[in-house]
Structure formats: C-alpha cells, structure tokens
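Spelled out, the chains give:
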Amino acid sequence: MARPGLRVKLSSIWRVFWLMRTVVDFALPQETYAPHSIRTEGHLTLGGLFPVHARGADGTPCGDLKKENGIQRLEAMMYALDQINQDEQLLPNITLGARVLDTCSRDTYALEQSLTFVQALITKDTSDVRCTNGEPPVFVKPEKVVGVIGASASSVSIMVANILRLFQIPQISYASTAPELSDDRRYDFFSRVVPPDSFQAQAMVDIIRALGWTYVSTIASEGSYGEKGVEAFTQLSKEAGTVPLCTFILAAGGICIAQSLKIPHNPKLEDYDKAIQQLLETQHSRAVIIFASEEDIRGVLNATKRANQVGHFLWIGSDSWGAKSSPIHQLEDVAVGAVTILPKRSSIKGFDEYFTALTLENNRRNVWFAEFWEENFDCRLLSASKREDTSRKCTGQERIGINSKYEQEGKVQFVIDAVYAMAHALHNMHRDLCPDHLGVCPQMESAEGKTLLKYIRNTSFNGSAGTSVVFNKNGDAPGRYDLFQFQMTNSSTPEYKMVGQWVETLQLRLEELQWPDGEQEVPISVCSLPCKTGERKKRVKGMPCCWHCELCDGYRYQYDETSCSLCAYNMRPNPNRTACQPIPIVKLEWHSPWAIIPVFLAMLGIIATIFVMATFVRYNDTPIVRASGRELSYVLLTGIFLCYIITFLMIAKPDVAVCAFRRIFLGLGMCISYAALLTKTNRIYRIFEQGKQTVTAPRFISPTSQIAITSSLICVQLLGVLVWFAVDPPNTIVDYDEQKTIDPMLARGVLKCDITDLQIICSLGYSILLMVTCTIYAIKTRDVPEDFNEAKPIGFTMYTTCIVWLAFIPIFFGTAQSAEKLYIQTTTLTISMNLSASVALGMLYMPKVYIIIFHPELNVQKRKRSFKAVVTAATMSSRLSQKPNERPNGEAKTELCENPAADPMSQATKKTYVSYNNLRI
C-alpha cells in the first residue's frame, strides 16, 4: 500500500499535469472560448470574475441573469477602475485596463473562462505553422493579466486559485469567505477583502449563545463555501460555552448539532422537501444555520412553505443571504424573524450616481448590459431577444432607480476595495521598482507575481466606506459584520433591520428582535428543557446538549448542574436541594408524652417514699419499725428514692454533669435496693438453715454487720462506675444516625450522653445480678413461717421485679433500630425502674405504714423469745410441715402437745408458735 505522503504528492503532480494539459488544449484565440467578455485597454490589465448569470439547468452552463450579484458587482469594478484612472495621485501616468469574464456561478465553467488570464504566460512553438501562402502566421499576443479580482463563490475561487497559483497571478476576492482559502500553503496567491467564514461562524455561535439556543440544525450547499462554513461552525460550536460573552451571562455548555444537511449540486424540488422533512424529525431544534447559495436558500424557503411550516424555523443566514431581497422574493412570510450576517459595509454614494446614470448609449463596454436592461425594465430590445415572457419593447429612455427599483448590492463596497487594494499594491511596487520612470518600467513588466503579492499583503489604506483595508499573513481581512433581522414593519411590509454588529465580540440588541407569529419572548431551540431546582442533568451519550433530569434524592444536594453530592453526616439538603443545612438537634423534652408518664410515676413514687421515710422516722422506736430492721429499711428506702430520681436525670438536657450523674445513679439506686434485700434474705436463710443443725446463732446477723455487708455490695457498683469514668470520661454527643429517616426533612440529630446500649446494660448488670441472687434466696426461704421477718413479701417483690425486667430487655433492644429509639428506650427504662421501686415500696412498706397509722393497737411489742426458742419453733414447724410418710420413725401427725384437751397450755403453746412477727432475730 502506498504511503499517505506519497499519495498526496502524486495527486498534486497529477493535478498540475491535468491543468497544464487543459491550458494547452484551450490555448486558442480568446474569441474562440470567451466570446462574451469585457475588455478595456490599459497599461496594466486586471482580470475580473463575476457571476453575471446563474447556474444553468439541464446541462447548460449559464442560466438567468443576476442583476445584483452579477451586473452591480461587475459595474462596481468598472467604476473603481474609472476612479483610479482619473486619480492623479494613484498610479500616475498608468492606466488600468480590464478583462472581465462571467463564471455563470459554476466552478468548472469559471475554470475554463479563467484560462484567458494565463494565455500571455504560455510560450507556444509556431515554427511549423504556416499560412496557405507559405508565410508564417501573425499572432496577436494577448494582454498580460497582472492580477485577478474575484471570484464571488468560494467554490469558484478555489477552482480558479489552483490554476492562477501555477502562473503566480495574485487574486483578490470580494465575496469568497470559505475558511479553506485561509490555507496559505495551498492558496498562497489568494487574498480577500472580506473576512473568512471562520469569523462569520464565530459570530453565528455568539448569536446562538446570546439567544440561549443549544440545539440547532445546519444546511449547507454542496461545495467549499457551504461545507467549509458549516464545518467551521460545527467546530466552534463544540467549544461554545467555555468563552463567555462580554454582554451576556449564559448557561454553560456547548451547542449541539441536531441535523447537518447538505443540498447537492443541481438539486431538485424533492431534495429541498426531503431536507425540510429531516429537519422536522427534531422538532425541538427550531434554529437552522444556513450556509447556502441564493438558489438553495430560495429552494429551502419554498419547501418550508409547501410543508406548511411557516414560522416554525428560526433561520440564521450567512453572508450569502445577508440583506438581499432576491433570496426571499415572494417568500417574505417564511423569512420573517431570520437573523442574517453581512460583512460590515456602507452604501457607496458615488457608485449609486454612477450606476443610475448608466444607459444603453453610455455603457457599450458591458456586453451584458443590454440583457440587464431587458430584465430590469421587463421589456425587449430586439426581435431576436431571448425574452419571451413580455411583448413590451424597450425605448432606451428608461432610467435605473426611476423606472425600476434599485438598491445597492451588499458586496459593491468590497469589489471597489479589492480593485483599490490591487491598485495600491501596484502603486507601491511602481514606486519601488520605477522610482524615476513615468509609466510602467521594464523592471515592473518583468516582475514576478510573488513581488506583487508581497505588496498586496503589505498594503494598508482607507477603503471606500472609510474603514481600513488590511490583510493578515494568510491574506484574510479582519472580521467585521453587521447583523440584520427580517422583520414586519408598522406598515406590514417586511424589511431588513440592523440589530447589532460583530467586531471581534458580539453586540446584539435583543430588545429590537421580533419573532414569527408575534412571539414576545425569544423562542427556544433546545434539546432538553432546563432541569428544576435540585435536579441534575444526566447527559445523553454523544449529545452534550441533551439530558434527562434526575432528582438529587436522599441526603444528596445539587452540587452543580451535572452532579449531586452527599451532605455531611450532620447536614441535610435544604428544601430546594441546592445546598446543605444543619440537621435540627432534638432531645427528650419535658412536655413530651414520652416523658410525662415516667415523670408522673416518679413524682408519685418520690412522694410515697418520702412519706414512708417520714413515717418510719416519726415512729422509729415502735415495734413494727424496729422489727423491720430500721437500718436496712432506711438503706432500702434510699435506694428506692434514687430509682425514682434517675427518671429526672434521664429526661434532663444532656451535658457533662448530667451525663456523669446518669452513670452514677443509673445502677446505684437498684444496687442499693437489691443489696439491702439480698442482705435481708440471706440473713433469714442462714438463720433457718443453721437452726436445723444447731441452736447457735449464725455470724454477721447484727444490724452493724448487715450494714457492712450491704455497703460492701454497693461499693462494687461504685468501683465499676469509677473505672468507667477513668476509661471513658462522660461527655455528650449528637447522634445523627438514630433518626436519619428516608425523608431528610424528617431527620433529626439526637443530643444524648455518650452511653451506648451495651454500657447501660452493663451498668445495670450488677444490680440485675443482685436481683437474681435475691430472688434465689427468696425462693429458698419460701417455707418459713408466714410473715416471718418479711421473707414472703420479699419473695413476691422479687418475682414481680423479675417479670418487669424480663419485659424490659426485649423492649429495650427490640427498638434499637427504631426512629423513636431515644423516646422508647428512655421511657421503658425509667418506667421499669419506677415499677421496680414501686413494687418494693408497696409490698414491703405500705402494710407497715398502714398498721402504724390506721391500726396503732397492733403496733405493740409481744413477749420476747430467745434465739433458741425461735430456732426450735422454726425447726418444729418445719417438721410439722412434712407429710406423715416423710416423718422419721413413722411418727404420726402431732402438734406440739399430743392431746390438746389434756394440756390446758396447749392452745397457748400453739398460739405462741405461730406468733413470730413481733420478734427481732
């Protein structure tokens, strides 16, 4: 396979060979292949290429006459030459002539015509050519063309530039704007006084951004002008949104191309209709960028009308549309609202005077002027005229602008500037090469085209409109555009209105724009509508202007237009999800129903506990108080009181002090209570167990010993709390996970002490261990005599307490994942402690208080009995409770006395046996 570089080189060699062969084949007298051309004599001759006629149909090279783009531009060159030849300061003693050809708006035909310009540079061997009389023929040497003005269409200029560069003939275009022509390596002899389409494309991009459009379609005529213009627009549109405009604040993002259509050479009606149908496939893309010839613009507008889509499309037209009336003639309703671009120009008053003064008599040098006269005045000059649509004959007295409509064509200024640029370059070259010579000197005659090109690129002067004419290194003029919109005026007659300009930056008067169907706001042309607040754009792959809107859900907020971000752990999105805000912090309030019930129970318990303690203090020396063990009773009541107090600490607002007290008193109240009860039950158990074996009293049953045992048990709890303090000092935290609901608006941070569920259970674990141990002793002492030293009330208390705490544990841990965890667990814990305290208070002390207050006659001391008598009685009671078959030695059931009737004291003895509740053991 051939290398790419070699293929390019061979292609270039073949193109040169083909062009040279074409030149040789057509190197005949000019009248043979250029019968219709304008020739004026001069010391130096400039070539001219103008689209005098439109493209022909059905294979014919030329079509209808183009009055504006053809005749006016051609006459602008003739006018400029007249002005230059009359100017004594510019090219003095040198007259410029012209050779003007018709391109017929076709690149191939223009190439054939342009061969006229290179004839003088071709050396022909005529040594073997003889006339019929044997004499050598006399050849008229064609004039040398030093430079060419033209062409109009970019495709024509590209074709002609390829042959002119071979012969080093400089070329200055007045209308070709294709970006391709800026390539100085391929078109090194090409210059232009109009800005390239890269500037025009940038202006279009800026207009679209200013109007807020992001989704547009393009239509291009096949050829360099249309295709390269759209290519430049497409490239710039991808970069749009990264460079801000100075006068507009726009949404970021590029411009997407919905449809990119091309109108072929020699199009049919079906081609235009197909293009419109394709545009309608993307309904949201109303804006259409059109880089096309006048014929194609008319074809597209006609197809739009046939499709009944008047007012749907929003046209952005290139300079080929500009402010011309011909592309929209009788299609004004379709073109309303179109924004068009035209290189900045001014109407040349001198040309208006020149052109309107032209007649058939004074303009015989223009071979096409008679045809223009017929077309312009709708008449026929000769019977042999090609016009068959009218029978009116021309009188020759008609006047342009009086008997016909006249408006200066938009490129007239640039044609004049192009001619003047060539003249200034020749003037500067003459000044340097012929300083002391009048007219054209030999050095100038023999100068190469490269020399003239250098002077063209360095020329600088004020043009016909007063603006400077300069060229950059690529031969391009600076970008200066006027912006027009085709609008309905107050008289309902549509016309072009200038609405802004583009000179490196856009200046667009938005308030002056009007839109189809009387729309007041700027119509939209977007792929997707803007997302709502709090929604991100999820781009469609390959189409950055198209997206789906996706809500930033959960705890995410809209970080930017394309992404969501997760709020910090202590934050939640605000209502419109554009930022994060702190999660509200809550705690268990005093007025909450979850707090009211525990507080109410605690207050009742505290009042009852204080009442019992006050009663015991008041009747401290009475038998019942003394018989209940005053010292342990006060310890037990203190524990019960603390169990009630913890409710208020659990509900109070957490801080370091509250958290410290919670750790201390959470298990301390229960520990004190159950330590006292355990000491009591253990004492009873040891007394009766030892009484079965001996009459000696057990050790450590005195009040002092009981207090010491209880204190030892309590110290274990306090020691554990101290270790807890040392390992993990108390502090507060805000738990954001506990109430982090699915709906962020319901999320709350819970202010609480830094105590985990496991730590709470561990803190209560020692108390629960005491409670279980106490319950075991209560079970073991269940068979002691009825009401003997509170054994059975303690048993009932412990059974009930176990039931309460067995219910507490599943509730406490079962709600660990609940959003109401704080409330449920706190309430459950406090109520459980209140119930435990209330059970102990009610079963152990309320009967005694009842007797003390309401039956003081029962609160009397009865006969004391020795420990030996008590143990003996307890032992006998235990034996009597056994079944007959379990008694030793087969004893029959007996009482303390075998025969109660024989022993008068038997009743007294039995009575003494059952009355132990007044004894202190």
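Please refer to the structure placed before this passage.
Please read these numbers as outputs of a predicted model, since none were measured by experiment.

1. Side note on the state of the cysteines
Here's step 1: Enumeration according to the criterion identifies 8 disulfides in this entry.
Here's step 2: A sulfur-sulfur distance of 1.6 Å marks the disulfide that ties Cys 62 to Cys 104. An S-S torsion of about 80° defines the bridge between Cys 62 and Cys 104 as right-handed. Of this pair, Cys 62 sits in strand β4 (residues 62-65) while Cys 104 sits in the loop between β5 (96-102) and α4 (107-114); the two residues are 42 residues apart in sequence, bridging distant segments of the chain.
Here's step 3: A residue is classified by how much of its surface remains accessible, and Cys 62, at 28% relative accessible area, is partly exposed.
Here's step 4: Between the sulfur of Cys 527 and that of Cys 546 lies a disulfide, 1.9 Å long from S to S. Between Cys 527 and Cys 546, the S-S torsion sits near 110°, and that sign places the bridge as right-handed. Here Cys 527, found in the loop between β18 (505-508) and β19 (535-540), pairs with Cys 546, found in strand β20 (residues 543-551); they are 19 residues apart in sequence, far enough to count as distant.

2. A closer look at unusual backbone geometry
Here's step 1: Looking along the chain, the bond that leaves Gly 150 and enters Ala 151 is cis, with omega of 0°.
Here's step 2: With respect to the helices, strands and loops of the structure, Ala 151 is situated in the loop between β6 (145-149) and α5 (154-164).
Here's step 3: Phi at Asp 378 takes a positive value of approximately 55°, unusual for a residue other than glycine.
Here's step 4: Structurally, Asp 378 can be placed in the loop between α12 (369-377) and α13 (412-433).
Here's step 5: Even without being a glycine, Arg 577 presents a positive backbone phi close to 60°.
Here's step 6: With respect to the helices and strands, Arg 577 occurs in the loop between β23 (571-573) and β24 (580-582).
Here's step 7: Owing to a relative accessible area of 15%, Arg 577 belongs among the buried residues under this scheme.

3. Section: the side chain of Arg 457
Here's step 1: Relative to the helices and strands, Arg 457 is located in helix α15 (residues 449-458).
Here's step 2: In terms of polar contacts, Arg 457 uses its side chain to reach the side chain of Ser 191, at 3.0 Å.

4. Overview of the sheet that holds β6
Here's step 1: Pairing within the open sheet is mixed, and its 6 strands lie in the order β1-β5-β2-β6-β7-β8. Every other strand in the sheet has two partners, leaving β1 (38-40) and β8 (190-192) as the edge strands with one partner each. Strand-to-strand twist in this sheet, taken as the mean axis angle between neighbours without regard to direction, amounts to 20°.
Here's step 2: Summarising the sheet, strand β2 (residues 44-50) and β6 pair through 4 bridges and their orientation is parallel. Looking across to β6, one finds that Leu 46 is bridged to Gly 147.

5. Looking at α5
Here's step 1: By the criterion of burial, α5 is predominantly enclosed, with 9 of the 11 residues buried.
Here's step 2: Looking at α5, one finds that the buried residues are Ser 154, Val 156, Ser 157, Ile 158, Val 160, Ala 161, Asn 162, Ile 163 and Leu 164.

6. Things to note about the environment of Pro 92
Here's step 1: Within the fold, Pro 92 resides in the loop between α3 (67-86) and β5.
Here's step 2: Along the backbone, Pro 92 and His 427 are 335 residues apart, and their C-alpha atoms lie at a distance of 8.5 Å.

Scoring rules and cut-offs
- Residues numbered from 1 in each chain as written.
- Predicted model: local features only at pLDDT ≥ 70, side-chain atom pairs only at ≥ 80, totals over all residues.
- Heavy atoms only, no water.
- Disulfide = S-S within 2.5 Å.
- Helix = DSSP H or I, 4+ residues; strand = E, 2+ residues; numbered from the N terminus.
- Buried < 20%, exposed > 50% of the residue type's maximum accessible area, 1.4 Å probe, protein only.
- Polar contact = N/O pair within 3.5 Å; in protein donor to acceptor, adjacent residues only side chain to side chain.
- Pairing = 2+ DSSP bridges.
- Axes fitted to C-alpha atoms, helices over the stretch in contact; angles between N-to-C directions.

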